[in-house]
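Topology and contacts: notes
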Amino acid sequence: MVLLRHISVALTAAMVTLGSAIFIALNYFYPRRTWSPHAQYATIKEEKEDPRKRQVLVLGLDGAGKSSVLQGLTPGGAKRGRCRPTRGFNFISLSAPACQLDFLEIGGGEDLRPYWLEYLIRTHVLVYVVDSSDRGRLPLAKLELHRLLRVQPQLPVVVLGNKQDKPDAVSVSELHEALSLGSVVEDRKLFLLAAQLGSDSALRNSCRGLDTFQDLLLQLV
Ligand SMILES: Nc1nc2c(ncn2[C@@H]2O[C@H](COP(=O)(O)OP(=O)(O)OP(=O)(O)O)[C@@H](O)[C@H]2O)c(=O)[nH]1
Ligand SMILES: [Mg+2]
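Residues numbered from 1 in each chain as written. Chains lettered and ligands numbered in written order. Predicted model: local features only at pLDDT ≥ 70, side-chain atom pairs only at ≥ 80, totals over all residues. Heavy atoms only, no water.

Looking up the chain in an unreviewed UniProt entry gives the name ARF like GTPase 10, with the organism given as Hippocampus comes.

**Thoughts on the UniProt feature "binding site: Mg(2+)" (unreviewed entry) in the chain**
To keep it simple, the criterion reads: UniProt positions are given in the numbering used here, feature names are shortened, and annotations may be inferred rather than shown by experiment. The way it works is that DSSP assigns letters per residue, a run of H or I at least four long becomes a helix, a run of E at least two long becomes a strand, and they are numbered from the N terminus. Throughout, a contact is declared for two residues whenever any of their heavy atoms are within 4.5 Å. N or O atoms closer than or at 3.5 Å make up a polar contact, with two conditions inside protein: a donor-capable atom paired with an acceptor-capable one, and, for residues adjacent in sequence, both atoms drawn from side chains. The buried label applies to any residue whose accessible area, calculated with a 1.4 Å probe on protein chains only, is under 20% of its type's maximum; exposed applies above 50%, and partly exposed to all values in between.
On the UniProt side, "binding site: Mg(2+)" (unreviewed entry) is annotated at positions that read Ser67 and Thr86 here. The named residues occupy 20 residues along the chain; their greatest pairwise C-alpha distance, 7.5 Å, places them in one compact cluster. Along the chain, Ser67 turns up in helix α3 (residues 66-73). Aside from chain neighbours lying at most four places away, what touches Ser67 is Cys83, Arg84, Thr86, Asn90 and Glu105. Looking at Ser67, its side chain comes within polar contact range of the side chain of Thr86, at 2.9 Å. As for its position among the elements, Thr86 is in the loop between α3 and β2 (89-95). Taking the relative accessible area as the measure of exposure, Thr86 reaches 15% and is therefore buried.

**Considering the site of ligand 1**
The following threshold applies: Any residue with a heavy atom positioned within 4 Å of a molecule or strand is treated as near that molecule or strand. Each accessible area is a Shrake-Rupley result for a 1.4 Å probe, and residues are judged covered by the shown protein chains and nothing else. Lys, Arg, Asp and Glu make up the charged group, whereas Ala, Val, Leu, Ile, Met, Phe, Trp, Tyr, Cys and Pro make up the nonpolar group; the residues left over, Gly among them, are polar.
Of all residues adjacent to ligand 1, which total 23 residues, the nearest are Lys66, Ser68, Thr86, Asp165 and Leu197. Contacts to ligand 1 include Ser67, whose backbone N or O atom sits 2.9 Å from an oxygen atom. In the complex, 88% of the free accessible area of ligand 1, which totals 650 Å², lies under the protein chains. The element that contributes the greatest number of residues to the shell around ligand 1 is α3, accounting for three residues. Here the shell around ligand 1 is composed, by residue class, of five nonpolar, 10 polar and eight charged.

**Remarks on the coordination of the magnesium ion (ligand 2)**
For clarity, the cut-off: Listed donors are limited to N, O and S atoms within 2.8 Å of the metal, widened to 3.2 Å for Na, K and Ca; water is not among them, so incomplete-looking sites are possible.
Ligation of the magnesium ion (ligand 2) by protein atoms is provided by Ser67 (OG), Thr86 (OG1) and Glu105 (OE), these donors lying 2.1 to 2.2 Å from the ion. In primary-sequence terms, the residues that donate to the magnesium ion (ligand 2) follow S-x18-T-x18-E. Here Thr86 lies in the loop between α3 and β2 and Ser67 lies in helix α3, a separation of 19 residues in the sequence. Here Ser67 matches Thr86 in class, with each residue buried.

Below, the structure is given as C-alpha cells:
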C-alpha cells in the first residue's frame, strides 16, 4: 500500500515536471502575442480631408433626373445615351480653379432613401432633383425634401425642377407651392431652378444652363 502511494507521488511529480517543461518550451518557441487595442488603432492612419474637396449631394425620387444631371455636367456626357436607374451610388468629380466639386448621387428608389440622411453630414450643398411632370408624386417629393431639411438646418439647397420640356410639367411657381418652399426658414440658402435634361437635344441645349448651375454651386460650397 505504502509502495503504491510512493509510485503515485512519483508519477504525479513526473507529470508536473513534464507539463512545466512543455509549457516553457512552447512559450520559448511560440511567444504569446498580447493584443492591444492601442497598437491596433495606431496602424490605422487617419486620412486627412483635402480642404479643396467640396461634396455636392444629389438626391431626389427615382426617375427625377439625378443621373442625367451628372451626365450633363460630365464633359462629353451629352453624347451618351439615356441613364439607367441608379441601384446604389453614382459619382463624378469636376475640377474648378479654386476647388474640386465631388458630385455624389444616391439612387432614389424606396429601398435607398433611408441611406440619404447618412450622407448629409459630409455634404457642402444639397441638390434636390424633382420630376416636374410627376404630379402624383410631388407630395412624396416634398415629404422627402423636408425630412432632409430638418436634419441639416444650415445646409445650402438647390432644388432642380426637372423635365420642364414635358407638356404636363408644373411651372416653377407651382413647384414652389407644391414643395412648400415658402415654409423654409429665411436664413437658409435655397434656390429653385428649372431644368430639362433628359432627351439628347434637351441635354445639349441645357449645357449652358448647367454652366450657370455649376457657377451657383461654386458660390455655395
Ligand atoms: N423628357 C425628359 N426626360 C428626362 C429629363 N431628365 C431625365 N429624363 C429621363 O428620365 C429618366 C430617369 O432619369 P435619371 O437621370 O436616370 O433619373 P434618376 O433620378 O437618376 O433616377 P434613379 O437613379 O432611379 O434614382 C431617364 O430616362 C432620363 O432620360 C428631362 O428633363 N426631360
Ligand atoms: Mg440615377
